[in-house]
Amino acid sequence: MADAKVIPFDEERPRRRSPRRVRVAPPAGEPVVQPVPEPDRETGGTAGAGGPVGRPGDWDRRIAGGLAFLRRRITGEYEVDDFGYDKELTDQVLMSMMRPLFDKYFRVEVKGIENIPKEGGALIVANHSGTLPLDGLMLQVAVHDHHPAERHLRLLAADLVFMLPVVNELARKAGHTLACAEDAQRLLEAGELVGVMPEGFKGIGKPFRERYKLQRFGRGGFVSTALRARTPIVPCSIVGAEEIYPMVGNAKTLARLLGVPYFPVTPTFPWLGPLGMVPLPTKWTIQFGEPISTEGFPAEAAEDPMLMFNLTDQVREQIQHTLYRLLVQRRSVFF
């Protein structure tokens with residue numbers, strides 16, 4: 001397979017403008033030719049007076065588009081940025097794979113999407129839970145599908161993600177990168193949306209009895225990064241992920257042997273084998289809070305430990321209060 005063309009993520013790509021359509025009235029006496037209706041994007045048919053009507057040519061176009069996509073994959077005629085992010089693969093394949101989970105299985109409700117800026121860099125800080133990090137993937141779909149600008153979220157992931165053979169490649173293709181200050185600052189300064197879950201393994205590996213109780217947020221490194229890049233911080237609260245794998249125990253000895261932070265024991269895993277890894281179909285809510293601006297701070301603010309502590313605590317408290325409010329409002333775990 002040929003190597004993909006690598007372009008810098010901050011390089012501006014020219015946008016192609018759609019041709020302008022002008023309606024010209026026919027001369028007197030000539031018959032009026034009705035234009036052929038364009039195919040409907042959702043149904044694959046054409047929208048007319050009687051609703052969408054399927055056309056045989058629609059399937060031909062879909063097959064042709066799929067073959068063209070495969071050809072670009074084989075010949076390497078696609079673009080990735082410096083971090084390995086493949087926008088075409090993410091839009092056409094990875095998002096399509098995650099969307100049924102988002103829309104049909106977890107039925108995610110998104111609130112406060114208007115708090116994410118339409119352009120420019122921003123740091124989204126969210127709680128982390130669920131035994132397996134499905135909340136990060138659902139957060140990525142929420143930003144892309146519900147934001148008016150269809151923005152992409154670049155998640156900061158732990159070292160373990162990039163040590164797994166298949167997961168490593170998929171994470172890079174989806175735009176994720178190592179959770180380090182250097183990578184995060186480069187992305188923010190390039191105008192990207194960056195997502196971070198400061199609880200890390202402490203959040204997704206906590207026992208079920210401590211659900212929705214935020215763990216320690218570390219030393220506030222994400223605040224320092226946002227201050228250096230002069231980008232706003234958007235708190236995000238996720239409800240519903242805690243119950244997909246109720247973690248009632250942790251086999252620590254087995255976890256040490258496998259080299260993983262924890263080995264979860266749930267009511268269905270490992271007792272039911274692979275079937276026990278199917279998440280429970282809980283009802284999710286993702287709410288984005290009001291952004292916290294960092295532009296009013298001086299340049300040396302990123303080196304002030306007291307300021308970082310106060311901002312970190314402010315973000316954490318805002319997420320925690322929103323979690324409690326959403327929990328009071330929800331009727332049921334599953335409905």
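Residues numbered from 1 in each chain as written. Predicted model: local features only at pLDDT ≥ 70, side-chain atom pairs only at ≥ 80, totals over all residues. Heavy atoms only, no water.

## Considerations on the overall build of the protein
Where we set the bar: Here a helix means four or more residues in a row that DSSP labels H or I, a strand means two or more in a row labelled E, and each is numbered from the N terminus. When accessible area is computed with a 1.4 Å probe and restricted to protein chains, residues below 20% of their type maximum are described as buried, those above 50% as exposed, and intermediate ones as partly exposed. Residue contacts are counted whenever heavy atoms from the two residues lie within 4.5 Å of one another. Surface accessibility in these figures is a Shrake-Rupley result with a 1.4 Å probe; residues are shielded only by whichever protein chains are displayed.
A count of helical and extended segments in the protein gives nine helices and 13 strands. Out of the 335 residues in the protein, the part that is buried amounts to 41%. Relative to all contacts within the protein whose residues are 6 or more apart in sequence, the contacts with residues 24 or more apart total 74%. Split by element, the accessible area of the protein, about 19,700 Å² in all, is 58% carbon and sulfur.

## Section: a nonpolar patch on the surface
What counts is decided by this rule: Patches here are clusters of residues that have more than 30% relative accessible area and form no salt bridge, with a 9 Å joining cutoff for like charges and a 5 Å cutoff for nonpolar side chains (Val, Leu, Ile, Met, Phe, Trp, Tyr). Salt bridges are defined by distance alone: a side-chain nitrogen of Lys or Arg within 4 Å of a carboxyl oxygen of Asp or Glu.
On the surface, Trp-59, Ile-63, Leu-67 and Leu-70 cluster together into a nonpolar patch covering about 460 Å² of accessible area. Relative to the assigned elements, Trp-59 resides in helix 1 (residues 56-75).

## Considerations on the nonpolar core
Just so we agree on the cut-off: Think of a nonpolar core as a cluster: buried Ala, Val, Leu, Ile, Met, Phe, Trp, Tyr and Cys residues, connected wherever their side-chain atoms sit within 4.5 Å.
Judged by nonpolar contacts, the single largest core of 30 residues is most densely connected at Ile-124, Leu-139, Cys-236, Ile-238, Trp-284, Ile-286 and Phe-288. Sorting the residues of this core by element identifies helix 2 (87-105), strand 6 (122-126), helix 3 (134-146), strand 7 (153-157), strand 10 (233-239) and strand 13 (285-288) as the ones contributing at least two each. By residue number, the principal contributor to this core is helix 3, which donates six residues. Excluding anything up to four places from it in sequence, Trp-284 contacts Phe-106, Arg-107, Val-108, Glu-109, Leu-134, Asp-135, Met-138, Ile-238, Val-239, Gly-240, Ala-241 and Ile-244. One finds Ala-184, Val-196, Val-315 and Ile-319 within the second-largest nonpolar core, a separate group that totals 29 residues.

## Comments concerning the side chain of Glu-242
Let me state the cut-off plainly: N or O atoms within 3.5 Å of each other form a polar contact, as long as, within protein, one can give a hydrogen and the other can take it, and as long as residues adjacent in sequence are counted only when both atoms are side-chain atoms.
Tracing the backbone through its elements, the reader meets Glu-242 in the loop between strand 10 and strand 11 (249-250). For Glu-242, the side chain forms a polar contact with the main-chain nitrogen of Tyr-212, separated by 2.8 Å. Contacts of Glu-242, omitting those with residues within four sequence positions, involve Ser-129, Gly-130, Lys-206, Phe-208, Arg-211 and Tyr-212.

## Section: the pairing of strand 10
The condition that has to hold: For two strands to pair, DSSP has to find at least two bridges joining them.
Within strand 10, seven of the seven residues are buried, which leaves the element mostly enclosed by the surrounding structure. Inspection of the sheet shows strand 6 paired to strand 10 by four bridges, in the parallel sense. Its bridge partner lying in strand 10, Leu-123 is registered against Ile-233.

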